Amino acid sequence: MYRLSYFDLLAQRIGDTTAKARFDRDRHDQRLATLRLVTFLLALFYFSYIPVDMYLLPDIGLRSLLIRFFVVGPLAVFLLIYYQRPVPIRHKEFASIAVVGIATLVWCIVLLGTDNPRVLHYFYAGLVFQLVLTIVLAPPFEQSVYASIVVCLCLYTTIWLLPGADTEYVINHLVVGVPTVVLTLMANYRFSTESLRLYLQNLNTDTLRAELAERNENLDKISHIDPLTGLANRRGLSRHAAALALRRRARDQRVALVLIDVDHFKAFNDTYGHDAGDHCLKQVAQAIQSACGPQDTACRYGGEEFLVLHTGNGLDALSSAALGERIRASVAALDLAHRESEHACVTVSVGICVGILEHGDALTPLILEADRALYAAKRAGRNRVREGRHDASSVIQLSLFDD
Ligand SMILES: Nc1nc2c(ncn2[C@@H]2O[C@H](COP(=O)(O)OP(=O)(O)OP(=O)(O)O)[C@@H](O)[C@H]2O)c(=O)[nH]1
């Protein structure tokens with residue numbers, strides 16, 4: 001069966017609801033404001049016809065006044081009250097066109113009471129109801145169709161009974177009436193379709209925008225995380241350092257960088273294979289993470305190198321050296337066999353540097369210094385911690401954690 005595209009659009013499913021239900025829900029408030037205003041203006045118009053009736057058709061003037069005031073007036077008030085109810089906007093639209101339909105009927109009944117031949121000229125005004133039901137109130141298309149049928153039935157049944165309405169009059173009326181009905185319905189269809197299409201398009205754009213934002217967020221996360229170990233990567237660390245530098249600008253900006261390198265890792269790979277090497281790196285990463293405090297950020301700096309940004313109140317050479325030692329000990333405690341190492345298990349060497357973090361980029365000189373300390377640890381026999389000082393040119397050897 002042929003269906004108008006408007007109905008296909010309405011029937012579309014959006015998640016667990018339909019386009020129709022969602023469209024009605026989302027347009028409710030704005031539409032209600034328009035309905036209230038239009039209802040008020042139409043009531044004013046309708047009552048302003050009383051003097052016209054009295055002037056053109058004085059014999060039914062009083063009847064017109066009474067019926068308008070005691071039938072249509074209360075209905076208009078009822079409508080404005082009904083608008084307050086928590087019912088779907090489609091029901092409110094239907095109520096509004098129902099009242100206009102009744103107003104049409106009432107108007108026809110009033111005019112049937114006159115013998116005045118002027119009524120024939122005046123009766124063309126009946127087509128205004130058609131304009132109201134399709135274009136002014138602009139209800140959904142299907143409601144406009146039902147309302148148009150009711151209005152046409154009222155108007156043309158009344159014409160049938162109007163004194164002096166001969167075939168010529170009916171033809172003249174139809175010449176104006178038929179195009180009015182068809183064209184206003186077409187306009188309503190176009191309006192209904194366009195507003196729904198626009199709504200769906202906006203909805204689609206919003207959904208795409210939300211999806212894109214979510215994907216960007218995921219991409220952003222992924223691009224800051226090392227896939228093998230799940231720790232932050234260099235980019236993640238830089239971002240964290242930049243944010244930290246901003247937050248701490250006015251306060252203590254001392255930080256410690258703890259650089260960690262797995263000892264004899266090439267030999268580990270060569271002996272146990274690359275997959276075992278990967279597994280080892282994951283375990284080392286976990287051990288490092290578990291040794292860190294909530295204020296510390298651990299990252300995989302590259303290959304078999306890790307870096308911890310140690311922050312916190314009361315940070316000094318001693319507390320950072322203690323962190324370095326915790327890390328060293330927790331990796332050694334894994335007791336991962338490494339027969340090519342002098343320690344017979346996987347160990348790490350650690351270099352530390354304490355310095356001032358003024359901005360995100362200020363990490364580089366600190367890292368260089370920590371690197372120097374790390375190589376001092378390597379030279380001293382690995383599996384140990386050494387500290388360098390950013391403000392000192394030479395590496396300060398700490399004997400604290402030497403074997
Ligand atoms: N399995 C594995 N190996 C890696 C990965 N990244 C780097 N490596 C290996 O790590 C090894 C690092 O070796 P080196 O830089 O010579 O250092 P080392 O053997 O640990 O020696 P020292 O640092 O002096 O104790 C290289 O063989 C790299 O191939 C990785 O993601 N997975």
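Residues numbered from 1 in each chain as written. Predicted model: local features only at pLDDT ≥ 70, side-chain atom pairs only at ≥ 80, totals over all residues. Heavy atoms only, no water.

Visitor: Describe the pattern of salt bridges, and please don't skip the residues or the numbers.
Guide: Tallied over the full model, the rule gives 17 salt bridges. Among the ionic pairs, Arg 31 bridges to Glu 93, the shortest N-O distance being 2.5 Å. Placement of Arg 31 in helix α2 (residues 19-56) and of Glu 93 in helix α4 (residues 89-112) is noted, with a sequence separation of 62 residues between them. Using a relative accessible area of 13% as the deciding quantity, one classes Arg 31 as buried. Residue classification places Glu 93 among the buried residues on the basis of a relative accessible area of 1%. Linked by salt bridges that have partners in common, Asp 24, Arg 27, Arg 31, Arg 90, Glu 93 and Glu 142 make up one network. (Salt bridge = Lys/Arg side-chain N within 4 Å of Asp/Glu carboxyl O. Helix = DSSP H or I, 4+ residues; strand = E, 2+ residues; numbered from the N terminus. Buried < 20%, exposed > 50% of the residue type's maximum accessible area, 1.4 Å probe, protein only.)

Visitor: For the site of the ligand, give the residues involved together with the corresponding values.
Guide: Close contacts around the ligand come from 16 residues, with His 264, Phe 265, Lys 266, Asp 278 and Arg 300 the closest. Contact between the ligand and Asp 278: a nitrogen atom at 2.7 Å from a side-chain N or O atom of the residue. For the ligand, an oxygen atom lies 2.9 Å from a polar atom in the side chain of Arg 382. Those elements that place two or more of their residues in the shell around the ligand are β3 (254-262), α10 (265-272) and α11 (274-291). Per element, the largest residue contribution to the shell around the ligand is 4 residues, and it comes from α11. Tallied by class, the residues present in the shell around the ligand amount to 3 nonpolar, 5 polar and 8 charged. (Near = heavy atom within 4 Å. Polar contact = N/O pair within 3.5 Å; in protein donor to acceptor, adjacent residues only side chain to side chain. Nonpolar A, V, L, I, M, F, W, Y, C, P; charged D, E, K, R; others polar.)

Visitor: So what's going on with the nonpolar core? Which residues, and what values?
Guide: Ranked by internal contacts, the top residues of the largest apolar core, which has 39 residues, are Tyr 46, Trp 107, Leu 111, Phe 123, Phe 129, Leu 137 and Leu 155. Of all the secondary-structure elements, those providing two or more residues to this core are α2, α3 (61-82), α4, α5 (119-122), α6 (127-136) and α7 (141-161). Top contributing element to this core by residue count: α4, with 11 residues. What Phe 123 contacts, discounting residues up to four positions off in sequence, is Trp 107, Cys 108, Leu 111, Leu 155, Thr 158, Ile 159, Leu 162, Tyr 169 and His 173. Ranked by size, the runner-up nonpolar core spans 26 residues in total, among them Phe 265, Phe 268, Val 308 and Ile 327. (Core = buried A, V, L, I, M, F, W, Y, C linked by side-chain atoms within 4.5 Å. Contact = heavy atoms within 4.5 Å.)

Visitor: Would you mind going over the environment of Thr 347 in detail, with residue names and values included?
Guide: Note on placement: Thr 347 falls in the loop between α12 (317-332) and β6 (348-356). Assessed through its relative accessible area of 1%, Thr 347 is described here as buried. Sequence separation between Thr 347 and Ile 260 is 87 residues, and the spatial gap between their C-alpha atoms is 9.9 Å. With residues up to four places along the chain from it excluded, the contact list for Thr 347 reads Asp 261, Val 262, Asp 263, Val 331 and Asn 383.

Visitor: Break down the UniProt feature "transmembrane region" (unreviewed entry) in the protein chain for me, with residues and values.
Guide: When the UniProt feature table is mapped onto this chain, "transmembrane region" (unreviewed entry) is found at residues 32-50, 62-82, 94-113, 119-138, 145-163 and 169-189. Here residues 94-113 is 95% helix and 0% strand, with 29 Å between the C-alpha atoms at its ends. (UniProt positions renumbered as here; feature names shortened; annotations may be inferred.)

Visitor: Give me the lowdown on the packing of α6 against α7, citing residues and values where you can.
Guide: The interhelical angle for the contact between α6 and α7, taken along N-to-C directions, is 170 degrees, at an axis separation of 9 Å. By the criterion of interaxial angle, the relationship of α6 to α7 is roughly antiparallel. Between α6 and α7, the contacting residues are Leu 127, Phe 129, Gln 130, Leu 133 and Thr 134 on the first element and Ser 144, Ala 147, Ser 148, Val 151 and Leu 155 on the second. Broken down by class, the residue content of the contact of α6 with α7 amounts to 6 nonpolar, 4 polar and no charged. (Axes fitted to C-alpha atoms, helices over the stretch in contact; angles between N-to-C directions. Parallel < 35°, antiparallel > 145°, perpendicular 65-115°, else oblique.)

Visitor: How would you summarise a nonpolar patch on the surface if you had to cite specific residues and measurements?
Guide: A surface patch of nonpolar side chains, about 580 Å² in accessible area, is lined by Leu 62, Leu 66, Phe 69, Phe 70, Val 71 and Ile 102. The dominant element in the nonpolar patch, judged by the number of residues it contributes, is α3, at 5 residues. Take Val 71: it is sitting in helix α3. (Patch = residues over 30% accessible without salt bridge, like charges linked within 9 Å, V, L, I, M, F, W, Y side chains within 5 Å. Areas by Shrake-Rupley, 256 points an atom, 1.4 Å probe, with all protein chains shown as cover.)

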